[in-house]
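Close look at the chain arrangement
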There are 2 protein chains.
Amino acid sequence: MARTGRRPGASGSRAAILAAARRAFAAHGYDGATIRGIAGQAGLDPAMVPHFFGSKQGLFVAAMEFPVDPAALLPGLLAPGVDGLGERLVRFFLSIMEAPGDRGAFLGLIRGAVTHEESAALLREFVTREVLGRVAAAVNESQPELRATLVGSQLVGLAMARYVIRIEPLAAADPETVVAAVAPTIQRYLAGSLT
Amino acid sequence: MARTGRRPGASGSRAAILAAARRAFAAHGYDGATIRGIAGQAGLDPAMVPHFFGSKQGLFVAAMEFPVDPAALLPGLLAPGVDGLGERLVRFFLSIMEAPGDRGAFLGLIRGAVTHEESAALLREFVTREVLGRVAAAVNESQPELRATLVGSQLVGLAMARYVIRIEPLAAADPETVVAAVAPTIQRYLAGSLT
């Protein structure tokens, strides 16, 4: 039986928050959307959002069906320092992309970004703040933000070539071959000379 | 006045060939489509196709609205040899992407590839044969095909980050900054150690 009335159960509240969040992020962007506004649109108390999603960032990850939560995973990758970070990032990115469900979610984000400017804007804001911002903060060289975006460019391109366009022999190469080939690129972007 | 009858003028024949070519490439792939079959579908003599488009490869470039014809441009880039090829390729790729019309055509190809498997298959076949095949043939190291696909991955990722998702500061960086940062990556993929 369908639930009715003013007090939906937990799953109804969660779904209502997610639906309102998708509308709010699309209308106002990642920075412009607020927990208070999203809760109001969902007809719920703002205090309920942290209960379900922890933070605006967690809500965005859930609403956009991000395959992983960078806030939960990046600190562990970054903590050991810049030495070997290129390899850790490539290995981690491949582990996401080799999992069919996570890959589908990631490719959905890419598909949205190339077909809708609003989706590109949302992805840009979120990735800049929550992913590249964290990577840049771990960089000890000049131009940390440029370095982080260069890292992002190689990882997105790897996903496009290996999993979307599926160009051989890169598509069928075993992950360790890819790590060996690409990790030095990422490491140079993080810590090498860019000039 | 609209033209009528069985013998369209040159522009009508050209358009008929392009329309038939798009259908044939979609149905049979780049390798499977034939000049003879395309001309037959267009109701024209196969000898007319080279007159307008030179070759199947030229017809594909026109039908898919490729921004540039790799068969015409790559030999000049590759001729001076592997030394400095990374920089020449990045500089050339940026020159295409900085031209708004060419960029739009390139992004249309990417958009097609992420949204339709048939478009991804066509792009894959064509790029593998006409672009990466030529680059691989210029490489003097082991695993030339893998090296060519790695080059492609960085260039596609650069396009995604700089022109589609438009992540700053990479999106606004001047071309020379990008060349200095990315050319060594391409050069290493072409001629450096991958292990």
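Structure's up top.
All figures in this text were calculated on a predicted structure; none of them were measured in a lab.

This next bit is on the overall build of chain A. Along chain A, the regular secondary structure elements total 10 helices and zero strands. The order of helices and strands in chain A, counted from the N terminus, is α-α-α-α-α-α-α-α-α-α. In terms of overall dimensions, chain A has C-alpha extents of about 60 × 35 × 30 Å along its principal axes. In chain A, which comprises 195 residues, the share counted as buried stands at 47%. For chain A, restricting intrachain contacts to residue pairs at least 6 apart in sequence, the fraction spanning at least 24 positions comes to 64%. Accessible area of chain A: about 8800 Å², with a carbon and sulfur share of 56%. Here chain A contributes 19 positive and 17 negative side-chain charges, whose respective centroids are spaced 9 Å apart.

Another point: the relation of the copies chain B and chain A. Each copy of the sequence occupies a distinct position, and chain B is placed on chain A by a rotation of 180° and an axial shift of 0.0 Å, giving an RMSD of 0.0 Å. Interpreted geometrically, this transformation is the action of a two-fold axis. If distances are taken from each C-alpha of chain B to the rotation axis, the shortest is found for B:G157, at 1.7 Å. When you check the interface residues of chain B against chain A, 100% turn up at the interface there too, and the contact is symmetric in its surfaces.

What follows concerns the packing of helix α4 (residues 56–63) of chain B against helix α8 (residues 117–138) of chain B. Angle between the axes and distance between the axes are the two parameters that describe a pair of packed helices. Residues and elements named next belong to chain B. The interhelical angle for the contact between α4 and α8, taken along N-to-C directions, is 135°, at an axis separation of 12 Å. In this view, α4 runs oblique relative to α8, as classed from their interaxial angle. In this structure, α4 crosses over α8, and the sense of that crossing is left-handed. Taken together, the residues of α8 that come into contact with α4 (itself represented by Q57, F60 and V61) are L122, F126 and E130. Of the residues contributing to the contact of α4 with α8, the split by class is four nonpolar, one polar and one charged.

Along the chain, the position of A:E130 falls in helix α8 (residues 117–138). If we skip the residues at most four places from it in the chain, A:E130 touches A:Y30, A:Q57, A:P70 and A:L74.

Moving on, we come to the pattern of salt bridges. Side chains that carry opposite charge are capable of pairing whenever their charged atoms lie near each other. All names here are of chain B. This structure, assessed with the given rule, holds eight salt bridges over all chains. Its salt-bridge partner being E176, residue R91 comes within 2.5 Å of it at the nearest N-O pair. Placement of R91 in helix α6 (residues 85–97) and of E176 in helix α10 (residues 175–191) is noted, with a sequence separation of 85 residues between them. A relative accessible area of 43% means that E176 is categorised as partly exposed. With a shortest N-O distance of 3.0 Å, E130 and R134 are connected by a salt bridge. Separated by four residues within a single helix, E130 and R134 lie in helix α8, roughly one turn from each other.

Residues and elements named next belong to chain A. Between E168 and the following residue, P169, the backbone shows a cis peptide bond with an omega angle of 5°. Mapped onto the elements of the fold, P169 is located in the loop between α9 (144–164) and α10 (175–191). Phi angles above zero are rare outside glycine, and Q143 is one such case at about 50°. The backbone of R166 sits at a positive phi, close to 55°, despite the residue not being glycine. Relative to the elements of secondary structure, R166 occurs in the loop between α9 and α10.

Basis of the calculations
Residues numbered from 1 in each chain as written. Chains lettered and ligands numbered in written order. Predicted model: local features only at pLDDT ≥ 70, side-chain atom pairs only at ≥ 80, totals over all residues. Heavy atoms only, no water. Helix = DSSP H or I, 4+ residues; strand = E, 2+ residues; numbered from the N terminus. Buried < 20%, exposed > 50% of the residue type's maximum accessible area, 1.4 Å probe, protein only. Contact = heavy atoms within 4.5 Å. Areas by Shrake-Rupley, 256 points an atom, 1.4 Å probe, with all protein chains shown as cover. Lys, Arg positive; Asp, Glu negative; His and termini not counted. Charge placed at Lys NZ, Arg CZ, Asp CG, Glu CD. Least-squares fit on C-alpha atoms with pLDDT ≥ 70 in both. Axes fitted to C-alpha atoms, helices over the stretch in contact; angles between N-to-C directions. Parallel < 35°, antiparallel > 145°, perpendicular 65-115°, else oblique. Left-handed = near helix turned anticlockwise from the far one by under 90°. Nonpolar A, V, L, I, M, F, W, Y, C, P; charged D, E, K, R; others polar. Salt bridge = Lys/Arg side-chain N within 4 Å of Asp/Glu carboxyl O.

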